[in-house]
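Residue strings, one per chain:
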Amino acid sequence: MIVVMRRNAQEEDVQHMIQQVESLGLKPTVLRGTERTVIAAIGDERQVPVGILESGPGVDEVLPVLAPYKLASVETKSERTVVRAGSLAVGNGQLGIIAGPCSVESEEQIVSTAHAVKAAGATALRGGAYKPRTSPYSFQGMKEKGLQLLAMARAETGLAVVTEVVASEDVDVVAEYADVLQVGARNMQNYRLLEAVGRTHRPVLLKRGPSATLEELLLAAEYILDAGNQQVMLCERGIRTFEAHTRFTLPLATVPYLQAKTHLPVVVDPSHGTGHTPLVPALARAAIAAGADGLIMEVHPNPEKALSDGYQSLTFEQFADCMIWCRRIAHAMEMQL
Ligand code: PEP
Ligand code: MN
């Protein structure tokens, strides 16, 4: 259930109610909005004397949350969450554009890409240093050296760095360098990893598993929120279907559906979602038109030579052209970019 505080509630009222929630054996999570504060009380609610909470100081009302994902639900927090990390702002009318190579490959590659995507209008740099590859024989990423190169590219361009963390034991080192921790599709239901990124103070980009339902995605996000990290973006990156012409099938209905269910921003990945460079710009535009809060796209100086996902990466020129059209759609959607 949620304890909705009055607009004029004092901090001591909030603290008092946190203690009350704890004393009833429930776990309090405080969600502070610009309008009012809400305390989510999570646990077995069956025996809770709601009247005790309702009569607390500064309390407006106590409401049940029907959705299984309590903290992610719009029932708990109606204000849209804005995820911020340096140059990147995603949500509530702010469109984030995360662009860069699938994998960090060299200083020259990542720094030149950072400059090119920034010039074209990207607001964050992506690049995998730890790669979750389908085959153990494929390039696995430059690991910590790759993180250092990402930090170098950030120092040169000012772009926030989004990079994947593949395993719980790598969370500390990745969080030391990255501005946003990406949890990849293959790890969406790695609950220990979700808890570990939830304990950091870095925003998280959580990608949908290719066979996961939207409820499973929201419950995965719930693990991160429940661990104490409220800065979570959800990412639709395509799902497995019978269709073989595209790498995955990119369902854009995900965007308005999730936005009706959660306050968390929704990002779309048209690169993995299609798996073919020529299809990426159209799906990028369509995602913005569908109301996406952000895009994540793969860009490489020479896709033919890329060590991973070259077939779905845009060249610098293709990305710059794509951004011209994205900006037009964003303008029509009254999004800030
Ligand atoms: C990636 O972003 O390069 C990646 C591996 O994505 P996904 O987890 O969506 O497959
Ligand atoms: Mn990739």
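Shown above is the structure to which this text applies.
If you're wondering where the values come from, they're calculated on a predicted model, not measured in any experiment. (Residues numbered from 1 in each chain as written. Chains lettered and ligands numbered in written order. Predicted model: local features only at pLDDT ≥ 70, side-chain atom pairs only at ≥ 80, totals over all residues. Heavy atoms only, no water.)

Structural notes on the packing of aromatic side chains
- Considering all chains together, one arrives at one aromatic pair under this definition.
- Taking the centre distance of 4.4 Å and the plane angle of 25° together, the rings of Y191 and Y223 count as stacked. Remark: Y223 occurs in helix α7 (residues 214-226) and Y191 occurs in helix α6 (residues 191-198); sequence separation between them is 32 residues.
- Residue Y191 is classed as partly exposed on the basis of its relative accessible area, which comes to 27%.
- Residue classification places Y223 among the partly exposed positions, given a relative accessible area of 30%. (Phe/Tyr/Trp six-rings, centres within 6.5 Å; stacked < 30°, edge-to-face > 60°. Helix = DSSP H or I, 4+ residues; strand = E, 2+ residues; numbered from the N terminus. Buried < 20%, exposed > 50% of the residue type's maximum accessible area, 1.4 Å probe, protein only.)

Notes on the site of ligand 1
- In the region of ligand 1, the neighbouring residues are C102, R126, K131, E164, Q182, G184, A185, R186, K207, R237, H272 and E298.
- For ligand 1, an oxygen atom lies 2.9 Å from a polar atom in the side chain of Q182.
- In the model, an oxygen atom of ligand 1 is placed 3.2 Å from a nitrogen or oxygen of the H272 side chain.
- Across the complex, the protein chains shield 97% of the 290 Å² of accessible surface that ligand 1 would expose by itself.
- When the residues that make up the shell around ligand 1 are grouped by side-chain class, the tally is two nonpolar, three polar and seven charged. (Near = heavy atom within 4 Å. Polar contact = N/O pair within 3.5 Å; in protein donor to acceptor, adjacent residues only side chain to side chain. Areas by Shrake-Rupley, 256 points an atom, 1.4 Å probe, with all protein chains shown as cover. Nonpolar A, V, L, I, M, F, W, Y, C, P; charged D, E, K, R; others polar.)

Quick word on the side chain of E298
- In this fold, E298 is placed in strand β14 (residues 294-298).
- Polar side-chain contacts of E298 include one of 3.2 Å to the side chain of H272.
- At a separation of 2.7 Å, a polar atom in the side chain of E298 contacts the side chain of Q312.
- Setting aside its immediate chain neighbours within four residues, E298 contacts G100, C102, R126, S271, H272, D309, Q312, S313 and L314. (Contact = heavy atoms within 4.5 Å.)

Side note on the coordination of the manganese ion (ligand 2)
- On the protein side, the manganese ion (ligand 2) has C102 (SG), H272 (NE2), E298 (OE) and D309 (OD) as donor atoms, found 2.0 to 2.4 Å from it.
- All donors of the manganese ion (ligand 2) belong to a single chain; written as a sequence motif, their spacing is C-x169-H-x25-E-x10-D. You can see H272 sitting in helix α9 (residues 270-274) and its partner D309 sitting in the loop between β14 and α11 (316-332), a full 37 residues away along the chain.
- When its relative accessible area of 8% is taken as the criterion, D309 is described as buried. (Donors = N, O, S within 2.8 Å, 3.2 Å for Na, K, Ca; no water.)

Observations concerning the sheet that holds strand β13 (residues 266-268)
- Strands sit in the order β7-β8-β9-β10-β11-β12-β13-β14 around a closed barrel of eight strands; the barrel is parallel. For this sheet the average axis-to-axis angle between neighbouring strands, irrespective of direction, equals 25°.
- Bridging between strand β9 (residues 160-164) and strand β10 (residues 180-183) involves three bridges; their strand directions are parallel. When the sheet's bridge partners are listed, T163 is paired in β10 with L181.
- Running at roughly 170° to β10, α6 makes contact with β10 and β11 (204-207) of the sheet. (Pairing = 2+ DSSP bridges. Axes fitted to C-alpha atoms, helices over the stretch in contact; angles between N-to-C directions.)

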